[in-house]
Amino acid sequence: MTHVRESLHVPASAEPAEGVGLLHRLGRWCARRPGRVLGTWLLILLAAFSADRAWGGTYEDDFSLPGTSVQSGADLLDAHGSKQVRGTASQIVLHTDSGPLATHRDTVHEAVAALGKLPQVISAADPLSTPGAVSADGTTGIVTVRFAENPAGFETSYLDGVDTAVQDLRADGVEVEYGGPLGQLARPKASDRLSEIIGLATAVVVLLAGFGSLAAAGLPLLTAVTGLLTGISVLGLLAAAFAFGNAAPTLATMMGLGVGVDYALFLITRHRRLLRDLDDPAEAVGRAVATSGRAVLVAAATVALALGGLYASGVGFIGTLGAAAGLTVVVAAVAALTVAPAFLGIAGHRIDRWRVRTPVDEPDATADTWHRWAGTVGRHPWLFLVVGVVVLGVLSVPTASMRLGHIDNGADPAGYTDRRAYDLISDGFGPGTNGQFTIVADLDGTSEDQGLSEELHDALAATPGVARVSTPTLTQDQALLVTTVTPETGPQEQATADLLHRLEDDVLPAALTGSGARGHVTGNTAAQLTFRDVVVDRLPVIIAVVVAAAFLLLLTVFRSLLVALKAALLNLLSIGAAYGVVVAVFQWGWGGSLLGVEEPVPVESYVPMMMFAIVFGLSMDYEVFLLSRIRESWLHTKDNHASVAAGLAGTARVITCAALIMTSVFLAFLLSTNVVIKMLALGLGVSVVIDATVVRLVLVPATMYLLGRANWWLPAWLDRTLPRLDPEGPAPAGEKR
């Protein structure tokens, strides 16, 4: 052994110590005083829920990008624009199948006048007196309504006033559809309730099969729901002070429910194993929290680090989505370490009451199925490694063709008013009308003459990919020259993005050369495309930050260079495979119709970034649970082969159950009407399946068998430098491993 330590340094500090630590005392205290713990949580939950109902905020997407040209153009319009260009524009589309819209002139005028008098409305443009606002065949018109604030964030009761304003039009046989932000407000309010019920119901079935008793199966669910409700209520309160995107509560629910069950499940499984050897349930709880509870802390910290790394994007919208999900993860971990011990203290030795089959916990016999599987992998590690890598490689192939973009209203269900408005505009005016660019020329004190206006118009009209250009007009203070460009292609098309770059980089600088004016392309479509470009540019930064943070955390916890490096590399492979599935389903359209997406769509620009942070964090969850048990056995036996087998067998059942539950939670959100949520749900669900099968059951044991004792190598100087973090903690005297 001395020779081995000299040639392959294993930190001396890795030897287990005796003693009872803080987590041990915390778990034992919660188990012995469950009334205080549960009462405190109940008060916190009621207070947070009541405060959220009284003062909670709303969720709204904010794609502002300070420092970009598109944002500069929007800011200039707000500062200098007339009422015709300020605020947020939304379209109300009028269509008639029985002759020209002009035959309803009086009713149209009255409706537009009524719309202009609504609260928050800056202006409403009559299509019959606005150039270009009526289709060539005269049957479709667009009422452009400008709001002081984004109407997507209004209370749904605001629609009552809009409906009243256009009711005579509808009575006159004119179809009226709401597009843009107003159409978003009019969408049926999606509820996550059904998805949550499906996820919880599946969890009940899996836990009953895994634990064998109703009492043991119910504890992880009670713990997870307590943490989730508290976290979501706190998030609602924070939304009153900070801008969180529309997807924030759904994402937070998915993460909070999934990891909440996982953390409690891992802790309770260890407790039931310890309860076999101990007479005192509270002591068993204390030891479970001192060992598996530490792994829960490390796992939660890893997920939180990955989600917090989204702030490295420099995009507030993405950072706050990560913060929302991270909040419920942290609350779930705290609940697992306090609420679960309290419930276990109440259950005592009766945790296996109301049995549905013979209760089981961690295996302790080498004849167990998972021990046999570990032995099979150990006998052919190269074969399993190659097969696993090939499987992930094949799934990753579509990733190479990933096309990022913004999913517009054209991907919504046909029954939505904004989808009908989108289709009417495309049919009547061309697809580019749904993605117009606003061109802003900042004159910056220079005098504008007719020549500059004409030159700008001619240059824009001659640009390939441009369908129409409106006549440039001066704002009332003569500070800006403003015009509208209609692309030939729809907002989701790559050609539209290419046109944006052509206008920004070539056309506007050339058209305004020598005038002293500066040109900007702005508007919703330009903002979405610019947002995509920023995300693409900063994705490598996110990957570097998240991988580096997770590597350092695992290096500190497991005291091994190769274990930390292997975890990072394998997680990158699983993320690539999850990306590939998302591209194949949504972008290539393979089975997309089964998910309610009728046509291929680009991958939403921020989905890869969000998926990377979440998947990497969740992958580390299972990595920590597995490696914690392998390292625990290694510290006692110094037998790498036996330790890998023991760790795999000891965690395979709980990881499989946890993965089934988390997968069901994620995939249940495929019922959402939001295509972005569908993307995240599928990507996350697939990633969990891949991680719990190919990675955890094949690649991790195969690589650890091949590396042998090198798994636990750490240079002496680095061992002295790194802080001490032990995920499993020292085993109290007398505990059987």
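Residues numbered from 1 in each chain as written. Predicted model: local features only at pLDDT ≥ 70, side-chain atom pairs only at ≥ 80, totals over all residues. Heavy atoms only, no water.

Q: Help me understand the overall build of the protein, please; the structure alone is not making it clear to me.
A: Helix and strand content of the protein: 23 helices and 11 strands. Over its C-alpha atoms the protein spans a radius of gyration of 30 Å, differing by no more than 12% from the 27 Å that the globule rule assigns to 737 residues. The principal-axis extents of the C-alpha atoms in the protein amount to approximately 90 × 50 × 45 Å. Every one of the 737 residues in the protein was classed for burial, and the buried ones make up 57%. Considering only intrachain contacts with a sequence separation of at least 6, the fraction spanning at least 24 residues in the protein is 81%. Of the roughly 28,800 Å² of accessible surface on the protein, a fraction of 60% belongs to carbon and sulfur atoms. The positive charge centre, built from 49 side chains, and the negative charge centre, built from 67, are 18 Å apart in the protein. (Helix = DSSP H or I, 4+ residues; strand = E, 2+ residues; numbered from the N terminus. Rg over C-alpha atoms; globule rule 2.2 N^0.38 Å. Buried < 20%, exposed > 50% of the residue type's maximum accessible area, 1.4 Å probe, protein only. Contact = heavy atoms within 4.5 Å. Areas by Shrake-Rupley, 256 points an atom, 1.4 Å probe, with all protein chains shown as cover. Lys, Arg positive; Asp, Glu negative; His and termini not counted. Charge placed at Lys NZ, Arg CZ, Asp CG, Glu CD.)

Q: Just to check I follow, could you spell out the packing of helix 2 (residues 22-32) against helix 12 (residues 316-347) for this structure?
A: If you want to describe how two helices pack, look at the angle between their axes and the distance between the axes. The contact between helix 2 and helix 12 brings their axes to 7 Å, and the two run at 50 degrees. With respect to their mutual orientation, helix 2 and helix 12 come out oblique. Crossing of helix 2 against helix 12: the hand is right-handed. Where helix 2 abuts helix 12, its residues Leu 26, Gly 27, Cys 30 and Ala 31 lie against Leu 337, Thr 338, Pro 341, Ala 342 and Gly 345. Residue classes in the contact of helix 2 with helix 12 are distributed as six nonpolar, three polar and no charged. (Axes fitted to C-alpha atoms, helices over the stretch in contact; angles between N-to-C directions. Parallel < 35°, antiparallel > 145°, perpendicular 65-115°, else oblique. Left-handed = near helix turned anticlockwise from the far one by under 90°. Nonpolar A, V, L, I, M, F, W, Y, C, P; charged D, E, K, R; others polar.)

Q: Looking at this structure, how should I read the pattern of salt bridges?
A: Where charged atoms from two side chains of opposite charge approach closely, those side chains can pair. Under the criterion given, the structure shown has 11 salt bridges. Salt-bridge contacts for Glu 283 lead to Arg 287; the nearest nitrogen and oxygen are separated by 2.9 Å. A residue pair is termed a helical-turn pair when its members lie 3 or 4 positions apart in one helix, as Glu 283 and Arg 287 do in helix 11 (residues 281-308) at four residues. Across the pair, Arg 287 and Glu 283 agree in class, each one buried. The salt bridge partner of Arg 518 is Asp 442, with a shortest N-O separation of 3.0 Å. (Salt bridge = Lys/Arg side-chain N within 4 Å of Asp/Glu carboxyl O.)

Q: Would you mind showing me how to read the packing of aromatic side chains here?
A: Aromatic ring pairs are described here by two measures, namely the spacing of the ring centres and the angle between the planes. With the rule as written, the count across this model stands at 10 aromatic pairs. With 6.4 Å between their ring centres and 85 degrees between their planes, Phe 531 and Tyr 606 make a pair best called edge-to-face. Of the two residues, Phe 531 is situated in helix 18 (residues 524-558) and Tyr 606 in the loop between strand 11 (603-604) and helix 20 (607-637); the sequence distance between them amounts to 75 residues. Among the residues examined, Phe 531 registers a relative accessible area of 0% and is labelled buried. Residue Tyr 606 is classed as buried on the basis of its relative accessible area, which comes to 6%. Here the aromatic rings of Trp 634 and Trp 712 are separated by 5.8 Å at their centres, their planes lie at 15 degrees, and the arrangement is stacked. In this pair, Trp 634 is assigned in helix 20 and Trp 712 in the loop between helix 22 (675-707) and helix 23 (716-721), connecting sequence segments 78 residues apart. Accessibility expressed as a relative area gives 3% for Trp 712, which makes it buried. In textbook terms, an aromatic cluster arises when at least three aromatic residues are bridged by ring pairs, as seen for Phe 147, Phe 154 and Tyr 158. Cation over ring: Lys 638 sits above Trp 634, and NZ or CZ is 5.7 Å from the ring centre. (Phe/Tyr/Trp six-rings, centres within 6.5 Å; stacked < 30°, edge-to-face > 60°. Lys NZ or Arg CZ within 6 Å of the ring centre and 35° of its normal.)

Q: Would you explain the nonpolar core in this entry?
A: The tendency in soluble globular proteins is for nonpolar side chains to be buried as a group. Residues Tyr 263, Ile 318 and Phe 586 are the most contacted members of the largest nonpolar core, which totals 173 residues. Among the elements that line this core, the one with the most residues is helix 22, at 21 residues. The contacts of Phe 586, once residues within four sequence positions are left out, are Leu 595, Val 597, Pro 600, Val 601, Val 675, Lys 678, Met 679 and Leu 682. (Core = buried A, V, L, I, M, F, W, Y, C linked by side-chain atoms within 4.5 Å.)

Q: Help me understand the environment of Val 166 in this model?
A: You can see Val 166 is positioned in helix 6 (residues 158-171). Sequence separation between Val 166 and Glu 110 is 56 residues; the distance between their C-alpha atoms is 8.6 Å. Setting aside chain neighbours within four positions, we find Val 166 in contact with Ala 111, Leu 115, Val 176 and Tyr 178.

Q: How do you make sense of helix 21 (residues 640-668) when you look at a structure like this?
A: The periodicity of an α-helix, 3.6 residues per turn, causes residues three or four places apart in sequence to face the same way. The first and last C-alpha atoms of helix 21 sit 39 Å apart over 29 residues, in line with the 42 Å expected at 1.5 Å per residue. Helix geometry: helix 21 is bent most strongly at Ala 652, by close to 40 degrees. A large share of helix 21 lies buried, amounting to 22 of its 29 residues. If you check the start of helix 21, you find a side-chain oxygen 3.2 Å away from the backbone N of His 641, and it comes from Asp 639. (Expected span 1.5 Å × (residues − 1). Bend = angle between axes of the 7 residues up to and from the residue. Polar contact = N/O pair within 3.5 Å; in protein donor to acceptor, adjacent residues only side chain to side chain.)

In short, geometric facts, not functional conclusions.
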